[in-house]
Amino acid sequence: MAISVQNYVKLANFYNEMAKILSAICVEKGGIALENYVGRFFAADVLEYIVEYGNRVKKSGETIPQDVAGVMDLFEKQFESVKSLVTPNQKPIHEMTLEEFEKVMNI
């Protein structure tokens, strides 16, 4: 995936849709709080990836529209509050090769 603002927007839209689904699952499972739902760890990993992707878009020098820059800032703030939930490993998920990821996940 080439690093671009357009791809960042796609990732941001995915995360927002996923957050809606996670909330719906929590309601369906009896109204459990999102912070008690096991899927919160996956959501934190996805957010970590998106924040890092945003940092790479910024470093690429591509012009970032104001609204997208606002979303990047918002996601960075959200990530700071869930940083302790990301999957621990020796190497951040966004730096892993596919082979390393498959090995960690036992795929």
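Below or above, wherever it landed, is the structure these notes cover.

Conventions and cut-offs
Residues numbered from 1 in each chain as written. Predicted model: local features only at pLDDT ≥ 70, side-chain atom pairs only at ≥ 80, totals over all residues. Heavy atoms only, no water. Helix = DSSP H or I, 4+ residues; strand = E, 2+ residues; numbered from the N terminus. Buried < 20%, exposed > 50% of the residue type's maximum accessible area, 1.4 Å probe, protein only. Salt bridge = Lys/Arg side-chain N within 4 Å of Asp/Glu carboxyl O. Expected span 1.5 Å × (residues − 1). Arc of directions from axis to C-beta. Contact = heavy atoms within 4.5 Å. Axes fitted to C-alpha atoms, helices over the stretch in contact; angles between N-to-C directions. Parallel < 35°, antiparallel > 145°, perpendicular 65-115°, else oblique. Left-handed = near helix turned anticlockwise from the far one by under 90°. Nonpolar A, V, L, I, M, F, W, Y, C, P; charged D, E, K, R; others polar. Core = buried A, V, L, I, M, F, W, Y, C linked by side-chain atoms within 4.5 Å.

### Let's talk about the environment of Gln66
Among the secondary structure elements, Gln66 is positioned in helix 3 (residues 66-82). For Gln66, a relative accessible area of 74% corresponds to the exposed category.

### A short note on the pattern of salt bridges
One pass over the full model with this rule turns up four salt bridges. With its nearest N and O atoms 3.2 Å apart, the salt bridge here joins Lys20 to Glu17. Taken together, the residues Lys20 and Glu17, both in helix 1 (residues 5-28) and three residues apart, mark about one turn of the helix. Note on Glu17: relative accessible area 43%, which makes it partly exposed. For the salt bridge of Glu80 with Lys83, the shortest nitrogen-to-oxygen distance reads 3.7 Å. We classify Glu80 as exposed; its relative accessible area is 51%.

### Details of helix 3
Given 3.6 residues per helical turn, the α-helix brings residues three or four places apart onto the same face. If you check helix 3, its first and last C-alpha atoms are 25 Å apart, about what 17 residues at 1.5 Å a residue would give, namely 24 Å. Val68, Met72, Phe75 and Phe79 are the residues of helix 3 that are buried. Along helix 3, the residues classed as buried sweep out an arc of 70° about the axis, all on the same side. Structural note: helix 3 exposes Gln66, Asp67, Lys77, Glu80 and Ser81 on the side pointing more than 90 degrees away from its buried face. The inward-facing, buried residues of helix 3 abut helix 1 and helix 2 (40-60).

### Some thoughts on the packing of helix 1 against helix 2
Packing of helix 1 against helix 2 brings their axes to within 10 Å, and their N-to-C directions diverge by 165°. Taken together, the axis directions place helix 1 and helix 2 in an arrangement best described as roughly antiparallel. Judged by the sense of rotation from one axis to the other, the crossing of helix 1 with helix 2 is left-handed. Only Phe42, Ala43, Val46, Leu47, Tyr49, Ile50, Tyr53, Gly54 and Val57 of helix 2 make contact with helix 1, whose side of the interface consists of Val5, Asn7, Tyr8, Leu11, Phe14, Tyr15, Met18 and Leu22. Tallied by class, the residues present in the contact of helix 1 with helix 2 amount to 15 nonpolar, two polar and no charged.

### Some remarks on the nonpolar core
Among the nonpolar cores identified, the biggest contains 22 residues, and Tyr8, Tyr15, Met18, Leu47, Ile50, Val57 and Phe75 are the most heavily contacted of them. Sorting the residues of this core by element identifies helix 1, helix 2 and helix 3 as the ones contributing at least two each. Sequence-distant contacts of Tyr15, defined by excluding residues within four places in its chain, comprise Ala43, Val46, Leu47, Ile50, Phe75 and Gln78.

Honestly, it's all geometry; don't read function into it.
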